[in-house]
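# Reading the structure
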Amino acid sequence: MFDNPYSSAILSWYQANARDLPWRRPDASPWSILVSEIMLQQTPVVRVWPAWEAWMERWPTPAALAAEPSGEAVRMWNRLGYPRRALNLHACAREIVDRHNGEVPDSHADLLALPGIGPYTAAAVASFAFGQRHAILDTNVRRVLARADTGIEYPPKTQSKAEVRLAESLLPPEADVAALWGVAIMELGALVCTARSPACADCPIADKCAWRLAGKPAHDGPPRRGQTYAGTDRQVRGRLLAVLRDASGPVYKPALDAVWDEPIQRERALDALVADGLVDPLDDGRYALPG
């Protein structure tokens, strides 16, 4: 028997408070929703929105992206971070063209088989683009459920089977309502039940939240450390890629050497970019975005 003590309150809250995001609008295509989900991984909406609009203007369909070299996807990705996502989107576009007649597949299994698509993204696209009934567990949803149902401040670092069972048990039986529930609880985690400063006074399920009712006990698991960027290999990789994105063609090594003084770290970062397929070393000693 379906029993979700939170659904009515969260769905009502969402109807009144949802952000008007372009990939949520009725005319959003499945491709535009897939692009948004890839871009939103580990990247806030404020940074994704303009990048998504530029991407969709240039490549409104999978076929449009698939027709260009993968390096153009990396160039267009600019500074969104984790640029392998751009390669994954390009590979997705080619797979969609080659195997699905240029249309994003509506089957959860087919979505999951696309390059770089994991369980969360497959469930999200199936739900948000095609109105299907799937449990959606992103960082925001896991945090809301950890607090509201489990009574702890943060979920475990690795998703557990218990979390999946809980999410599935809370799915409304109607597919369209389940899809709306998925985006509504995500929005609650993004806007109200945030990681650092939850606005419990504004929460529609505060009276049912096990964590709040227990007095908001502090997290007693492994320390949660924020990600650093300055001085890391990620920063070096970003600077190296910026040189190639800004160049009109391949560049010689000194142009890359100039962006970071520490040679061992610089070479390690460049080697990693080559290994990830984000940079092509050419036979004449120059470097380029993948062709």
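Quantities reported herein were computed from a predicted structural model and do not represent experimental measurements.

### With respect to the overall build of the protein
Counting its regular elements, the protein contains 15 helices and three strands. Its C-alpha atoms give the protein principal-axis dimensions of roughly 65 × 45 × 30 Å. Relative to its 291 residues, the protein shows a buried fraction of 45%. The contacts of the protein with a sequence gap of at least 6 include a subset with a gap of at least 24, amounting to 62%. Surface exposure of the protein reaches about 14,600 Å², of which carbon and sulfur atoms provide 52%. Within the protein, one finds 32 positive and 35 negative side-chain charges whose respective centroids are separated by 6 Å.

### Quick look at the packing of aromatic side chains
Applying the stated criterion across every chain yields a total of four aromatic pairs. Relative to Trp 49, the ring of Trp 23 has its centre 6.3 Å away and its plane inclined at 65 degrees; by these criteria the two rings are edge-to-face. On the criterion of sequence distance, the pair formed by Trp 23 in the loop between helix H1 (7-17) and helix H2 (30-39) and Trp 49 in helix H3 (residues 45-58) is long-range, its members being 26 residues apart. On the accessibility criterion, Trp 23 (6% relative accessible area) is buried. On the accessibility criterion, Trp 49 (27% relative accessible area) is partly exposed.

### With respect to helix H11 (residues 175-191)
Compared with an ideal rise of 1.5 Å per residue, which puts 17 residues at 24 Å, H11 spans 25 Å between its outermost C-alpha atoms and is within 8% of the ideal. Along H11, the residues classified as buried are Ala 178, Ala 179, Trp 181, Gly 182, Val 183, Ala 184, Ile 185, Met 186, Glu 187, Leu 188 and Gly 189. Buried residues along H11 sit against H1, helix H8 (119-130) and helix H9 (139-150).

### Things to note about the environment of Leu 180
Within the element layout of this structure, Leu 180 appears in helix H11. The exposure class assigned to Leu 180 is partly exposed, which follows from its relative accessible area of 28%. Along the primary structure Leu 180 and Leu 289 are separated by 109 residues, whereas in three dimensions their C-alpha atoms are 40 Å apart. Once residues within four sequence positions are removed from consideration, Leu 180 is found in contact with Leu 11, Tyr 14 and Gln 15.

### A few points about the packing of helix H13 (residues 233-246) against helix H15 (residues 263-275)
Remark: H13 packs on H15, axes separated minimally by 9 Å, with the N-to-C direction vectors making an angle of 70 degrees. Between H13 and H15, the angle falls in the class roughly perpendicular. For the pair H13 and H15, the crossing hand works out as right-handed. Side by side, H13 and H15 meet where Asp 233, Val 236, Arg 237, Leu 240 and Leu 241 of the first sit next to Gln 265, Arg 266, Arg 268, Ala 269, Leu 270, Ala 272 and Leu 273 of the second.

### Concerning the layout of surface pockets
There is about 220 Å³ of room inside the second largest pocket. Contributing to the lining of the second largest pocket are His 108, Pro 119, Tyr 120, Ala 123, His 134, Ala 135, Ile 136, Leu 137, Gln 159, Val 164, Ala 167 and Glu 168. Classifying every residue of the lining of the second largest pocket gives eight nonpolar, three polar and one charged.

### Some details on unusual backbone geometry
Residues other than glycine seldom take positive phi values, yet Gln 42 does so here, at roughly 60 degrees. With respect to the helices and strands, Gln 42 occurs in the loop between H2 and H3. The exposed category is assigned to Gln 42, whose relative accessible area is 58%. Despite not being glycine, Asn 78 has its phi angle at roughly 55 degrees, a positive value. Following the sequence through the fold, Asn 78 ends up in the loop between helix H5 (70-77) and helix H6 (84-99). Using a relative accessible area of 45% as the deciding quantity, one classes Asn 78 as partly exposed.

Parameters and conventions
Residues numbered from 1 in each chain as written. Predicted model: local features only at pLDDT ≥ 70, side-chain atom pairs only at ≥ 80, totals over all residues. Heavy atoms only, no water. Helix = DSSP H or I, 4+ residues; strand = E, 2+ residues; numbered from the N terminus. Buried < 20%, exposed > 50% of the residue type's maximum accessible area, 1.4 Å probe, protein only. Contact = heavy atoms within 4.5 Å. Areas by Shrake-Rupley, 256 points an atom, 1.4 Å probe, with all protein chains shown as cover. Lys, Arg positive; Asp, Glu negative; His and termini not counted. Charge placed at Lys NZ, Arg CZ, Asp CG, Glu CD. Phe/Tyr/Trp six-rings, centres within 6.5 Å; stacked < 30°, edge-to-face > 60°. Expected span 1.5 Å × (residues − 1). Axes fitted to C-alpha atoms, helices over the stretch in contact; angles between N-to-C directions. Parallel < 35°, antiparallel > 145°, perpendicular 65-115°, else oblique. Left-handed = near helix turned anticlockwise from the far one by under 90°. 1 Å grid on protein atoms, 1.4 Å probe; cavity = no way out; pocket = protein on both sides within 12 Å on 5 of 7 lines; lining within 4 Å. Points joined across faces, edges and corners; volume = space filled by probe spheres on them. Nonpolar A, V, L, I, M, F, W, Y, C, P; charged D, E, K, R; others polar.

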